[in-house]
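Each chain, written out:
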Amino acid sequence: VVVALLLAACSGGGTGGGSGSGSATSGGASGAGPVTAPPLRAGAAVYDLTPGTGVPLAGFGGAPRRRLNAVTIPLHLLAFAGTCLDPDPSDAATLFERAQGVHDPITARALVLERGARRFAIVSLDVIGINRGFRDDVAARLGALGIAAEDLVLLATHTHSGPGAISTMKLWQLIAVDCLHRATYEHMVQGTAEAVARAVAALEPAEIGIGRGQEPRAVRNRRGRPQALDPKLDVIKVVRPDGSPIAAVIHYAIHGTCLGPSNLLLSADVAGAACRELEQRLGGGVAVFANGAEGDVSPADGGFAGAQRDGEQIAETAHAVWQATATTATAELDAQLVYVRTPAPVFNTGCFPVPGTGTDICSLIPGFSIAIALDPSWLPDELPFQALRIGEDVIVTVPGEPITEEGWAIEAAGRALGWRRVLVFGLANDYMGYVATEARYLAGDYEGQSTVYGPQTDRFVLEAARARMRDLR
């Protein structure tokens, strides 16, 4: 700018010299005018994804949801052998019971942020999890909307009463999601893309801010470890210049399990209740739910009444954070997405007692596990790690379910890199299972046994997340 002013003065052009009157961007100055960032624009939309009631519910792999009879037992054996066969394309349910109705809508909730020619999308779906194939198919449909694959954050709310039959990974099909049903899969992909398209169509001038509060009432550590519970609640506030709401992203760690395996009604569970309640309190806008490090975090209450009560408490705190959060139109936006090769998967045997020894197998052979050879159609052999910058704050995504301590470790790594606030979005972009710390892995509890990439999975995830935050910084 100084050089431009000197040149303009020497040529007699003054500060108004130069041809044309295009506005300046952060890439350089137009003539000698001020360097300004392009205006921030935002749009949000909700799309009803509720499929037909013939779809199975995903999330619980045992009775009463799993069907075992003369017809389904051979189908289970085929699934164990690697062929999850859907014998009737008109029926989405194969290994699991069909949903018997709809309690509340299954939705896609999309927020699109635009700065200059670049658009970023944060989208949450009321499903148990997301696989890379699903994300890739959604991303392919968003290219025409100006949203690059690295700028899409695709999230699962982790309701255990959402639609199944949409996973492309054989292990998750067998355990809790059911065989892939192509019509249901296409319905969900198309609906997700439509939610983003509607958010793009709604783009308008906006301001953004991030606030933080605490909501301890709605959650508990499900291993009875109150010292390992993080009740913080973040809100990404997006408003019009007059302060009216466009969108609110609720970032909170909680399992979507208020409704147990006996429930056979489609439901968004506690995340859906929280979003609907916050939208009502705001008097408009779209609430998007981003789960956190919820691997060992359960809701405080159960049943439909419990989901509503916990959702109301989350929304109450989110609304208070919203009211206290300042916004700006000048926050810098940037994103990075990198696929990282995984460690070899293993089967964690757990710390089973060894008869006649008075001890367990972990004490005799620390880290004991059995290596398993699964091709990428069963488990991912590379995983997406992503960082999204909003001003001096950063969102970092984990493609699975980190437990509380792993979330704390990632946050500490981000703060050490100079980020003001670190938001760990779990269940993002793909699904790797749980991410237990090495100590919890060796303890052999459920989260440890469900950590399928070995006892140092936590270090792998921490380093991948740290690298994304470092590179973006």
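A. Molecular detail of the sheet that holds strand β21 (residues 382-390). Sheet architecture is open: 4 strands sit in the order β16-β21-β22-β24, paired in mixed fashion. Among the strands making up the open sheet, the edge pair consists of β16 (333-341) and β24 (421-425). In this sheet, neighbouring strand axes are inclined to one another by 15 degrees on average, regardless of whether the strands run parallel or antiparallel. In this sheet, strand β22 (residues 393-397) lies alongside β21 in antiparallel orientation, the contact comprising 4 bridges. Paired with Leu388 across the strands is Ile395, a residue of β22. Sheet strands touched by helix α3 (residues 132-142): β16 and β21. Its angle to β16, the strand with the most contacts, is close to 140 degrees. Packed onto the sheet, helix α9 (residues 404-416) meets β22 and β24 and runs at close to 145 degrees relative to β24.

B. Highlighting a nonpolar patch on the surface. Residues Leu68, Ile73, Leu77 and Phe80 make up a contiguous nonpolar surface patch of about 450 Å² in total accessible area. Here Phe80 shows up in helix α2 (residues 72-80).

C. Here's a closer look at the packing of α9 against helix α12 (residues 457-472). Two elements in contact, α9 and α12, have axes separated by 9 Å at closest approach and are oriented at 30 degrees. Compared by their axis directions, α9 and α12 come out roughly parallel. In terms of crossing hand, the pair formed by α9 and α12 is right-handed. Contacts between α9 and α12 pair Glu406, Ala409, Ile410, Ala413 and Gly414 from the former with Asp458, Val461, Leu462, Ala465, Arg466 and Met469 from the latter. Of the residues assigned to the contact of α9 with α12, the class counts are 7 nonpolar, 1 polar and 3 charged.

D. Highlighting helix α5 (residues 182-201). Here α5 is 20 residues long and its end C-alpha atoms lie 28 Å apart, about the 28 Å a rise of 1.5 Å per residue gives. Of the positions making up α5, those classed as buried are Thr184, Tyr185, Met188, Val189, Gly191, Thr192, Ala193, Ala195, Val196, Ala199 and Val200. Along its buried surface, α5 packs onto β1 (40-48), β4 (107-115), β5 (118-125), α3, β6 (152-156) and β7 (162-163).

E. Representation of the nonpolar core in the model. Among the nonpolar cores identified, the biggest contains 77 residues, and Leu125, Phe134, Val196 and Ile410 are the most heavily contacted of them. Broken down by element, the residue count for this core peaks at 8 residues, all from α5. Not counting residues up to four positions away in its chain, the partners in contact with Phe134 are Leu125, Leu154, Ile166, Tyr185, Met188, Val189 and Thr192.

F. Molecular detail of the sheet that holds strand β11 (residues 232-239). Spatial strand order, β9-β11-β12-β14: 4 strands in an open sheet with mixed pairing. The open sheet has two edge strands with one neighbour each: β9 (207-214) and β14 (286-291). Strand after strand, the sheet turns through a mean of 20 degrees between neighbouring axes, direction not considered. Pairing of β9 with β11, which is carried by 8 bridges, proceeds in the antiparallel orientation. When the bridges of β11 are listed, Ile208 appears paired with Val238. Where helix α6 (residues 269-282) meets the sheet, it contacts β12 (245-252) and β14, and its direction lies at approximately 145 degrees from that of β14.

Conventions used here
- Residues numbered from 1 in each chain as written.
- Predicted model: local features only at pLDDT ≥ 70, side-chain atom pairs only at ≥ 80, totals over all residues.
- Heavy atoms only, no water.
- Pairing = 2+ DSSP bridges.
- Helix = DSSP H or I, 4+ residues; strand = E, 2+ residues; numbered from the N terminus.
- Axes fitted to C-alpha atoms, helices over the stretch in contact; angles between N-to-C directions.
- Contact = heavy atoms within 4.5 Å.
- Patch = residues over 30% accessible without salt bridge, like charges linked within 9 Å, V, L, I, M, F, W, Y side chains within 5 Å.
- Areas by Shrake-Rupley, 256 points an atom, 1.4 Å probe, with all protein chains shown as cover.
- Salt bridge = Lys/Arg side-chain N within 4 Å of Asp/Glu carboxyl O.
- Parallel < 35°, antiparallel > 145°, perpendicular 65-115°, else oblique.
- Left-handed = near helix turned anticlockwise from the far one by under 90°.
- Nonpolar A, V, L, I, M, F, W, Y, C, P; charged D, E, K, R; others polar.
- Expected span 1.5 Å × (residues − 1).
- Buried < 20%, exposed > 50% of the residue type's maximum accessible area, 1.4 Å probe, protein only.
- Core = buried A, V, L, I, M, F, W, Y, C linked by side-chain atoms within 4.5 Å.

Take it as geometry only, folks, not as evidence of what the structure does.
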